[in-house]
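Here's the letter readout for the chains.
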Amino acid sequence: MTETTHRPAGQQLLGLTVNGERREVLAESRRTLVDVLRHDLGLTGTHVGCEHGICGACTVLVDGAPARACLMFAAQAEGCEIRTVEALGEGPDGRELGDLQQAFTEHHALQCGFCTPGFLMLAEGLLSERPDATKEEIREVVAANLCRCTGYQTIVEAVDACAARRRAATPTPSEEDSCS
Amino acid sequence: MSGRPGGTGRLVGTSVRRQEDPRLLTGRGRFTDDVHLPGMLYAHFVRSTVASGSVVSLDLSAVREVPGVVAAFDAADLGLGDITARLDRPAGEFVPTAMPVLARDRVRFAGEPLAVVVARDPYAAEDGTEAAKVVHDTRPAVTRDTQALAPGAPLVHDAAAANTLLDVTMFATEGIDSVFDRAHCVVDVETRTGRQNALPLETRGAVAAWDDRDRQLVLHTSTQVPHQVRTVAARCLGLDERAVRVLVPDMGGGFGLKCVVGREEIAVAAAALRLGRPVKWTEDRKEALTASFLAREQHYRVRAAFDAEGRMLGLDADIVCDMGAYSCYPFTAGIEPLMAAAEMPGVYRLPAYRARARAVTTNKAPSAPYRGVSRPQFVLVVERLFERAARELGLDPVEIRRRNLITEFPYTGVNNITYDPGSYRESLDLCERTLREEGWYAARDTAAAEGRHLGIGYACFSERTGYGSAAFAQRKMEVVPGFDLAEVRMDTSGALTVTSGTMSHGQSHETTMAQIAADELGLPLEKVRLHQGDTERVAYGWGTFASRSIAVGGSAVRRAAAELGRKLRHLAAARWGVPPDEVVLGPGAVRRADGTAELSHTELARIAYLATHLLPEGMEPGLTATASFDGVGDGTFSNATHGVVVELHEGTGQVEILRYVCVEDCGVAVNPQVVEGQCRGGIAQGIAGALFEEITYDAQGEPSATGFMDYKVPTALEIPDVTVRHLETPCAFTETGAKGAGEGGTIGAPAAVLNAVNDALRPTGVELNDIPVTPQTIAHALEQHS
Amino acid sequence: MKPAPFTYHRARDIDDATRLLSRLTDDGGDPRVLAGGQSLVAMMNYRLARPGHLIDIGRLTTLRGLRTGEDGALHIGALTTHHAVETAPDAVLAPGFTVLRDAMRWVGHLPIRTRGTVGGSLAHADATAEWCLLAVLLDAVIVAQGPAGVRHIEAGDFFHGHYTTALGPDELLTEVVFPRPAPRAALTEFAPRHGDFATVSAAVDLDVAGDGHTVRGGRVALGGVAATPVRVPAAEAVLARGGTAGPELASAVARAAAGAVDPPADAEYRRGLARTLVERAVRQAVAR
């Protein structure tokens, strides 16, 4: 058998890069990425809501793109850059709110907060790829995850406000030209 | 002192940022499944695959051989007491059900727990459950209320004849039959509402461990009612209640589903005691949909009598609630029918009323209270009746409501409930005016001319909140909720810890309760922390349900803070040698009213603990106070009107919500942004019930949904933006003037949406009274017409 | 909802994957190929799928990407994600294939599209999946590699029923080829909730004359009306008769399509949906 084969019940040593840190974990091959993040690496900010890819509470960034951590085996994530909600904060200990998190609290975009990490990672992935996303495009992407508390309106508003703030802070290409 | 804080603070009434948010936004919250204890094992349940039958044999020997499995227990192994919820009513009115923690000889719904498997990880635990050998003797399943009530139906519980757990006739006004006989107009409506799951995004879960030092079972669990879980756990396990400590970490929603005691949390506790190791159980989504608690499946046949001017003369209701296999603890299977019968007249004047309310038992997952409890259903029925009467009498549907709304308060209804002041009429007027001014009536006409289908619908309702023990006692529950306790404790640095018997699961109590206490004592918000969810910290509490927390719990917090405030005033007054009424609390410090002196809270706290020789004669050391509050009379009624505009699409049958306006009045809004959040979230759940979510059961008792593919929780593209407008009729007897705000959104939405759908369907002659309304139904109705 | 045990293999290259597939199939090991896993892992979490072996092809980067052949055909590697198609620039996804890019917004949601793959979707063969419908509509060729070598399977022969295809148990789907541009094609669908698998999906590919408004023929395909996506000859016959692109033609094609299908469940409703969606698709295709 090749070295790339891992038998059931046998534990395999996985090397994962999570929030820029190299982590190693001994896990069964059937263990999902979200279970490894939460229970083997202690990163409990990522939540489990349905384990079939619909609610999005487990959404993390895999190589910068939002993905369901319940629909990936941890073994598939070897070699990828994983980013979780724990890395979104600012300041030396990550406890200061970043601009997206700030927008969520300002707009009351969370109530129980259980779905929130998934929405934050979803929005972070969206805005890094499409900083110019319109409010309707944001709504369409926000529809990827389920929230039972807010009715979504304030989540859409928070992401939209964050996007607008980022755009305002970044000079447009024409402005850059005129400055140079 | 309603509405006016004892301190000079101005936090109540402002939308301050939530105290909860920083940890929840940085992934540093702690939910039940985040609790990790050394040596912890994981539980998974063997569940019945049939809806009804006897258990011929249950063999767990192969389970125990599965790699990773540590133990497996069935009912006989654990020998636990049953969970039995009772009403203090005669046998002819109510039959209790004994819900075993693990099923013994009989199973009553598909998903019922039979055994608990404990393993070194959740994967192995699930492997273990697959190795259980269960032999059932399958019996015919009872899956519909009409089937349950039919003569000769199989019995779900041998003691419950005709599968009826509750049968009461309330408020049979004398002469009601002749009212109907003589009425100018009688309309009737038959309505069925679908079975739903309240669906907190965090499923249920528990972590149990025995602590030898404290000689206590420590049970972390996601519950809205920590003390009730403690009571039941102690009873089932045969422990003193002192020997059980229930801890509730952050909660990912509850919506009522978690205000009843679950069997699994008790089984997990028993397993932990047996094994002497911590055991965790995290419900998976399939279990949450099929084996937790459901709600809302009701069947109404209601008549209403009107005079020629559209005044309602009588209401005659037959209410059947399908409560599934067992009564939930502590509310019982009476929760839905009793609520419906007691409160159905709602915001309307009504001279004659009769209601028969029944709870039937079927082979389905049991029902628990769910946000709104029956009110989304009976408001839908009453609002449909008004729409029908308007059509019969040729009246405008808003005008007929206006002629019937209660406008003079307090109003004591035919249902023996006294309604405190509200803005029933004003909210309807403002809601209608908003839609009119925005041009939706004109848009509806234009659409009709173009062959499109626009409809406008309203719902007017009130919501009883802040139930006290007197109001709950009328339900005749064996345990009577109502009051709540609060403690405030200022430490030597002048910072305040507030403890409350309520249990936030998304409602922002850490913010709103802190706003109340901070205002009372003149403290800045960041000096106040709320502590909830630890049965060691408060002698008893009733948790959070029935929109009680701000009205009742918040009042207790304010009373406790006021008590502490009196002590601070006396202490400062003694230091300055002035009378206490010349001392003002806050902002930020304790001051002489004439502005000539001030002391910080820290300095006063230092004296109270660390320099008690400076205390005035007779004053006890320390800065703590406790208080209780009980809801007054029949509680306090929030009210609202919802206005909805929909467009129905031919071909697909899609119901598109074009506009949603909610005019609400919950008295003083402690934090308006939080109130709006409650409205919007509630409305989303109400829309879900009107258009999207339902769990049906086939004839064998197999549920239709085991996941979100089939249970269609709506997304951001289905739920519209909602404009919330506030009116404020302060409550006269809560300490802050606040009324409850937790459930109203959910109550109004189904009726408003269904009325709008029917308005749009008007040219077709089709009238829909059942929810959820599916695209298929709409497409069919429009197709028939075209 | 934790998956049953399995043996995990990470394939190093296509040969490694097909060798493993072949050997484990022969041994009765019930292997399954793991690509994006967006359907398979969900089914495994429910234990509705419990393969003995998973062969993870995620590292086979040669299976990733879009390429236009010399004959103008578009080759899409099996591991290309829906999102890669959705965001592919014109240089990679020629304007004649815009229908593929536009159809991606119907595939689940963004976090599903970033992981889910074109090949995985075709091999999974859900009757309403967008890639299956597009393949049938546009006469795609599915390329499979197995111990016996490479096979080219016409889309029309590929789908056998719900979740069943012509793919052998030891074959790996490596590529799908869309043989010719379809500049006047469109796909639309309806589900009660956004992002779900469609109740019915419809796609059309019109043959429009150089004048931009004379329709000379075309194709119509539907999902959700049978166990596989189907072409609808009766509707195509209406297109073949030709006419001016406009509401009347759209309506006639739609009526013909609805009349020709016999959905196994909710027949009346699905026929109505078919009519509505085909009409929409024709209008969208004309508007391109």
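What you are looking at is a predicted structure, and each value in this text was computed from that prediction instead of being measured.

**Student:** So what's going on with the domain arrangement of chain A? Which residues, and what values?
**Tutor:** Residues and elements named next belong to chain A. Looking at the assigned domains, one finds that chain A contains domain 1 (1-87) and domain 2 (89-170). Each partner contributes to the interface: domain 1 provides 19 residues, whereas domain 2 provides 14 residues. Across the domain 1/domain 2 interface, buried area totals approximately 1200 Å², and carbon plus sulfur atoms make up 60% of it. The largest share of the area that domain 1 buries against domain 2 comes from His47, Thr59 and Val85, three residues that together contribute 33% of it. The interface formed by domain 1 and domain 2 contains one salt bridge. For glutamate 124, the salt bridge identified is with arginine 83, shortest N-O distance 3.8 Å. Summed over the shared surface of domain 1 and domain 2, the number is five residue pairs in polar contact (both at pLDDT 80 or more). Take the side of domain 1 that touches domain 2: its biggest share by element is three residues, from strand E4 (residues 59-62). Taken together, the residues of the side of domain 1 that touches domain 2 sort by class into nine nonpolar, seven polar and three charged.

**Student:** So what's going on with the interface of chain B and chain A? Residues and values would help.
**Tutor:** Interface size is often expressed as the accessible area that is lost when the parts come together. On the chain A side, the residues contacting the 55 residues of chain B number 49 residues. Both sides of the chain B and chain A interface together cover about 4500 Å² of buried area, and 55% of this is carbon and sulfur. Summed over the three residues of chain B that lose the most area to chain A, namely Leu25, Tyr123 and Leu201 of chain B, the buried surface amounts to 18% of that side. Linking chain B to chain A there are five salt bridges. When the shortest N-O distance is used, the salt bridge between arginine 38 of chain A and aspartate 34 of chain B registers 2.7 Å. Inspection of the chain B/chain A interface yields 28 residue pairs in polar contact (both at pLDDT 80 or more). Secondary-structure elements contributing two or more residues to the side of chain B that touches chain A are helix H1 (21-25), helix H3 (122-130) and helix H18 (672-692) of chain B. Looking at the side of chain B that touches chain A, the element that brings in the most residues is H18 of chain B, giving nine residues.

**Student:** So what's going on with the interface of chain B and chain C? Residues and values would help.
**Tutor:** At the interface, 30 residues of chain B touch 22 residues of chain C. Of the roughly 2100 Å² buried between chain B and chain C on both sides combined, carbon and sulfur atoms contribute 56%. Across the chain B-chain C interface, the total number found is six salt bridges. One salt bridge in this structure joins glutamate 130 of chain B and arginine 50 of chain C, with 2.7 Å as the shortest N-O distance. Mapped onto the side of chain B that touches chain C, the elements with two or more residues apiece are H3, helix H8 (285-290) and helix H20 (775-785) of chain B. The element best represented in the side of chain B that touches chain C is H20 of chain B, accounting for six residues. Partitioned by chemical class, the residues of the side of chain B that touches chain C number 11 nonpolar, nine polar and 10 charged.

**Student:** Can you lay out the packing of helix H15 (residues 509-521) of chain B against helix H16 (residues 549-576) of chain B for me, pointing to particular residues and giving the numbers?
**Tutor:** Residues and elements named next belong to chain B. Direction vectors running N to C along H15 and H16 enclose 30°, while the axes themselves pass 8 Å from each other. With respect to each other, H15 and H16 are oriented roughly parallel. As for the relative orientation of H15 and H16, their crossing is right-handed in sense. Facing H15, whose interface residues are His509, Thr512, Met513, Ile516, Ala517, Glu520 and Leu521, H16 presents Ser549, Ile550, Gly553, Gly554, Val557, Arg558, Ala561, Ala562, Leu564, Gly565 and Leu568. The class makeup of the residues in the contact of H15 with H16 is 10 nonpolar, six polar and two charged.

**Student:** Summarise the pairing of strand E13 (residues 214-223) of chain C; cite the residues concerned and give the values.
**Tutor:** The side chains of a regular strand alternate, residue by residue, between the two faces of the sheet. Residue and element names in this part refer to chain C. Summarising burial for E13: seven of the 10 residues are buried, a large majority. Direction of pairing for strand E12 (residues 200-208) relative to E13: antiparallel, over a ladder of eight bridges. Bridge pairing in E13 links alanine 202 to leucine 222. Bridge count for E13 against strand E15 (residues 243-244) is two bridges, and the pairing is antiparallel. Each residue of the ladder has a partner; that of valine 215, found in E15, is glycine 243. Here two bridges tie E13 to strand E14 (residues 230-231), and the two strands are oriented antiparallel to one another. Pairing of alanine 221 across the sheet is with arginine 231, part of E14. Where E13 hands over to E14, the hairpin turn is made up of six residues, of which glycine 224 adopts a positive phi near 85°.

**Student:** For the domain arrangement of chain B, give the residues involved together with the corresponding values.
**Tutor:** All names here are of chain B. Domain annotation of chain B identifies domain 1 (21-30 + 483-629), domain 2 (32-139 + 203-251 + 258-290) and domain 3 (371-466 + 634-785). For domain 2 and domain 3, the distance between their C-alpha centroids amounts to 38 Å. Across the contact, seven residues belong to domain 2 and 11 residues belong to domain 3. Between domain 2 and domain 3, roughly 660 Å² of surface is buried when both sides are summed, and carbon and sulfur atoms account for 69% of that area. Contact with domain 3 buries area across many residues of domain 2, yet Arg285, Leu289 and Thr290 alone supply 63% of it, more than any other trio.

**Student:** Quick one: what's the story with the state of the cysteines, residue by residue and with numbers?
**Tutor:** All names here are of chain B. Per the stated rule, a full pass over the model turns up zero disulfides over all chains. For cysteine 236, which is in no disulfide, the shortest distance to another cysteine sulfur is to cysteine 328 and amounts to 15 Å. Cysteine 236 gets classed as buried once you look at its relative accessible area, which sits at 5%. Between cysteine 328, a free cysteine, and cysteine 259, which holds the nearest cysteine sulfur, the sulfur-to-sulfur gap is 7.2 Å.

**Student:** Help me get a handle on unusual backbone geometry, residues and values and all.
**Tutor:** Omega for the bond connecting phenylalanine 409 of chain B with proline 410 of chain B falls within 30 degrees of zero, at -10°, which places this linkage in the cis form. The residue proline 410 of chain B is located in the loop between helix H11 (397-402) and strand E18 (411-412) in this model. Of the consecutive residues glycine 586 of chain B and proline 587 of chain B, the connecting peptide bond is found in the cis state with omega at -5°. Topologically, proline 587 of chain B is positioned in the loop between strand E24 (583-585) and strand E25 (590-592). The phi dihedral of serine 374 of chain B is positive, around 70°, even though this residue is not glycine. Along the chain, serine 374 of chain B turns up in the loop between strand E17 (352-360) and helix H10 (375-393). Despite not being glycine, tyrosine 163 of chain C shows a phi value in the positive range, around 60°. Looking at the element boundaries, tyrosine 163 of chain C is found in the loop between strand E8 (159-161) and strand E9 (164-165). Among the residues examined, tyrosine 163 of chain C registers a relative accessible area of 46% and is labelled partly exposed.

**Student:** Can you tell me about the sheet that holds strand E3 (residues 21-28) of chain A, naming the residues and giving the values?
**Tutor:** Residue and element names in this part refer to chain A. As summarised here, the arrangement of the five strands in space is E3-E2-E6-E4-E5, forming an open sheet in which the pairing is mixed. Of all strands in the sheet, those bounded by a partner on one side alone are E3 and strand E5 (65-68). Geometrically, the sheet is characterised by an average inter-axis angle of 45° between neighbouring strands, direction not taken into account. On top of the sheet, helix H3 (residues 116-129) reaches E4, E5 and strand E6 (81-83); it is set at about 35° to E4, its chief contact.

**Student:** Provide a residue-level description of the confidence of the model for chain A, including the pertinent values.
**Tutor:** Chain-level statistics for chain A give a pLDDT mean of 92 and a share of 91% at 70 or above. Ignoring residues within four places in sequence, the model shows residues 175-180 of chain A, a span with pLDDT below 50, making one contact including any to other chains.

**Student:** Describe the pairing of strand E30 (residues 723-727) of chain B, listing the residues and the values that go with them.
**Tutor:** Residue and element names in this part refer to chain B. As paired strands, strand E29 (residues 655-665) and E30 are joined by five bridges and run parallel to one another. By the bridge assignment for E30, aspartate 665 is matched with leucine 727. Since E29 and E30 lie parallel, the crossover through H18 that links them has a hand, and here it is right-handed.

**Student:** Quick one: what's the story with the side chain of aspartate 534 of chain B, residue by residue and with numbers?
**Tutor:** Residues and elements named next belong to chain B. With respect to the element layout, aspartate 534 can be found in the loop between strand E23 (528-531) and H16. Among the residues examined, aspartate 534 registers a relative accessible area of 7% and is labelled buried. Within the structure, aspartate 534 has its side chain in polar contact with the backbone nitrogen of glutamate 536 (distance 2.9 Å). Other than its neighbours up to four places away in sequence, aspartate 534 contacts Arg245, Val246 and Leu247.

**Student:** Give me the lowdown on the nonpolar core, citing residues and values where you can.
**Tutor:** Phe104 of chain A together with Phe306, Met344, Tyr660 and Ile687 of chain B are the most contacted members of the largest nonpolar core, which has 231 residues in total. When near neighbours in sequence (up to four residues on either side) are disregarded, methionine 344 of chain B contacts Tyr300, Val302, Leu315, Ala317, Ile319, Tyr353, Phe378, Val381 and Val382 of chain B. Val498, Ala514, Ala573 and Ala605 of chain B belong to the second-largest nonpolar core, a separate cluster that totals 46 residues.

**Student:** Break down the pattern of salt bridges for me, citing the residues and quoting the values.
**Tutor:** Using the criterion set out here, one finds 95 salt bridges over all chains in the structure. The salt bridge partner of glutamate 450 of chain B is arginine 452 of chain B, with a shortest N-O separation of 3.0 Å. Three or more residues are tied together by salt bridges with common partners; here these are Glu28 and Arg30 of chain A, Glu126, Asp127 and Glu130 of chain B together with Arg47 and Arg50 of chain C.

Cut-off values and rules
- Residues numbered from 1 in each chain as written.
- Chains lettered and ligands numbered in written order.
- Predicted model: local features only at pLDDT ≥ 70, side-chain atom pairs only at ≥ 80, totals over all residues.
- Heavy atoms only, no water.
- Domains from an automatic or database assignment.
- Contact = heavy atoms within 4.5 Å.
- Buried area = accessible area lost by both parts, 1.4 Å probe.
- Salt bridge = Lys/Arg side-chain N within 4 Å of Asp/Glu carboxyl O.
- Polar contact = N/O pair within 3.5 Å; in protein donor to acceptor, adjacent residues only side chain to side chain.
- Helix = DSSP H or I, 4+ residues; strand = E, 2+ residues; numbered from the N terminus.
- Nonpolar A, V, L, I, M, F, W, Y, C, P; charged D, E, K, R; others polar.
- Axes fitted to C-alpha atoms, helices over the stretch in contact; angles between N-to-C directions.
- Parallel < 35°, antiparallel > 145°, perpendicular 65-115°, else oblique.
- Left-handed = near helix turned anticlockwise from the far one by under 90°.
- Buried < 20%, exposed > 50% of the residue type's maximum accessible area, 1.4 Å probe, protein only.
- Pairing = 2+ DSSP bridges.
- Disulfide = S-S within 2.5 Å.
- pLDDT = per-residue confidence, 0-100.
- Right-handed = clockwise from strand over helix to strand, strands pointing away.
- Core = buried A, V, L, I, M, F, W, Y, C linked by side-chain atoms within 4.5 Å.

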